[in-house]
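Tertiary structure, described
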Amino acid sequence: MKNNNNQNSLSARLQLSNLFSVIIFFGFGLCLGIILTFHLKNVSFNLHFTQLSISTDTGTDADAVPKVRIGLEKHIQPMEVMHDLSDDELMWRASMVPKVVEYPYDRTPKVAFMFLTRGSVLLAPLWEMFFKGHDGLFSIYVHSSSGLSSNWTQQEDSVFYGRRIPSKDVEWGKVSMVEAERRLLANALLDFSNQRYVLLSESCIPLFNFSTVYSYLMNSNRSYIESYDLVGPVGRGRYNWKMRPTIKINEWRKGSQWFEMNRDLAIEVISDNVYFRVFQDYCSGSCYADEHYLPTFVTLRYGKMNTKRTLTFVDWSRGGPHPSRYTRYDVTREFLEKLRNDRSCEYNGRRNATCHLFARKFTPHALDRLLRLAPKIMQFNP
C-alpha cells in the first residue's frame, strides 16, 4: 500500500514538472513572437519611409530636369542623303506607307529630281539657273558610280552639293542600272514632301522654266513611263523564255529608261520583289534591263496609272545603240524651239502641245550656248 502511494506521488510530481515546462516553453515562444513581430513592423515602416523618400526625391529631380518633347518634325524630317543602310534596309524603310491619307501638317509637295550619272553633273550651271528662286519646291538626288566618286566636285554653294546618295557601280544595259534607279527612288521616298519623281542623266537639260515643269507634273493625274510592244530583235527578241510564267512574251514591253512617276507608283516600284527578281535572274546579255523592266512591270500591274510615254526627248533617228549627241553647234534658237514644240500628245485626257519637258544627250561643250539661250527661250531666271 505504501509503495502505491509513493508511486502516485512521484507520478504527480512528474506531471506537474512537465506542465511547468510546457508553460515556460509556451511563454518563451510567445515573448519571442511578440519581439519578432514588433521588430519586423519597424523594418517594414523604415523601408516604406525610405522608399517614399527616394520616390519624393526622384520626382523632385525629374521636375527639375527640362523635358525634351519629340514632336512630329522628328518623324517627318528626311534622312541624310548619306547613310549606312543596305539596299534591302533602304527599300524596307522607304516602302512604309501611312494608312491615314490626309497629312496632319502643312505640306508643300516637291518634285524629286534624280540624276543617274557617271560622275559629276556636267551641266550643273544650267540646272542651277533652272532651280534658282524655287527653294522648297524641289529635292535633288544624285547617284554616281562609286568608282568615280573622286570626280564629285560640286562647290558648297551649289544646289548639288551634298546631294550624292550612297552609290554603287553601274554598267550600261545591265540590271545594275535598274538597281540604281530603285536606289534613287527609295532615297527620294524618305522625304514625305516629295510627290513626283523624275529620272535624269548628266546629259539632260530642261526645256521649260521651273514653274512650267512644276505645274505640269503636279497637276498630272498619271505617270510617264514609255511602254510599247515591239516585234523584232530589239523588242520581243530580247525576251528570255525562262521568265515564264511570271512574264509571258506577249506581256514583254520596251521603252525609254528616263521616266517620271508619282509617289504611289514609286512605292510600288521599290517594293516589287517578284518581277524585279525575274529580271535579276534572267535579263542579261542583250536584254538591257533598263529598257524593259519598268515598261513591262508597270504595264502588267499599274497600266491605268501610266501614259505610256516619256517626258524626255531622245533622238534615235540616226540608228545605232546610242541616241544622237548635241554639241554647241547644234544648239540654236530654232533647235530648242523645235524640241519644245515638236508634236502634240495627250495630257490629262486632252490634247496638249507640250509633250517633252526635258531632252538629252547634250555634251558639256554645248553649255555656253545653253546658258546664253536659256533665259531668252526657256525663260530661266537670269
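Use the structure listed above.
The following paragraphs examine the structure supplied in this document. (Residues numbered from 1 in each chain as written. Predicted model: local features only at pLDDT ≥ 70, side-chain atom pairs only at ≥ 80, totals over all residues. Heavy atoms only, no water.)

Turning our attention to the sheet that holds strand β3 (residues 194–201). Strand order in the open sheet formed by four strands is β2-β1-β3-β5, and the pairing between neighbours is mixed. Bordering the open sheet on either side are β2 (138–144) and β5 (260–262), each of which pairs with just one other strand. The average angle at which neighbouring strand axes cross in this sheet is 20°, direction not considered. In the packing of helix α7 (residues 263–271) onto the sheet, contacts are made with β3 and β5, and the angle to β5 comes to roughly 100°. (Pairing = 2+ DSSP bridges. Helix = DSSP H or I, 4+ residues; strand = E, 2+ residues; numbered from the N terminus. Axes fitted to C-alpha atoms, helices over the stretch in contact; angles between N-to-C directions. Contact = heavy atoms within 4.5 Å.)

Note that Asp 342 resides in the loop between α10 (333–340) and β7 (345–347). Separated by 13 residues in sequence, Asp 342 and Cys 355 have C-alpha atoms that sit 7.9 Å apart. Filtering out sequence-adjacent residues up to four positions away, Asp 342 remains in contact with Phe 313 and His 356.

A word on the side chain of Asn 187. Within the secondary structure, Asn 187 is located in helix α5 (residues 175–189). Overall, the relative accessible area of 4% leaves Asn 187 in the buried class. In this view, Asn 187 contacts Val 81, His 83, Leu 90, Tyr 141, Ile 165 and Pro 166; residues no more than four positions away in its chain are not counted. (Buried < 20%, exposed > 50% of the residue type's maximum accessible area, 1.4 Å probe, protein only.)

This paragraph deals with the side chain of Lys 254. Inspection of the secondary structure assignment puts Lys 254 in the loop between α6 (210–218) and β5. Classification of Lys 254 as buried rests on a relative accessible area of 12%. Looking at Lys 254, its side chain comes within polar contact range of the side chain of Glu 291, at 2.6 Å. When residues no more than four places from it in sequence are discounted, the contact partners of Lys 254 are Glu 226, Ser 227, Tyr 228, Leu 230, Val 234, Gly 235, Arg 238, Glu 291, His 292 and Pro 295. (Polar contact = N/O pair within 3.5 Å; in protein donor to acceptor, adjacent residues only side chain to side chain.)

Let us now look at the pattern of salt bridges. Tallied over the entire structure, the rule returns eleven salt bridges. Across the pair Glu 346 and Arg 222 runs a salt bridge whose closest N-O atoms are separated by 3.7 Å. One end of the pair, Glu 346, is in strand β7; the other, Arg 222, is in the loop between α6 and β5, with 124 residues separating them in the sequence. Judged by relative accessible area, which is 26%, Arg 222 ranks as partly exposed. Between Arg 236 and Asp 229 there is a salt bridge, with its nearest N and O atoms 2.7 Å apart. Its relative accessible area of 27% is what places Arg 236 among the partly exposed residues. Beyond isolated ion pairs, a larger network of salt bridges with shared partners links Asp 87, Lys 168 and Arg 183. (Salt bridge = Lys/Arg side-chain N within 4 Å of Asp/Glu carboxyl O.)

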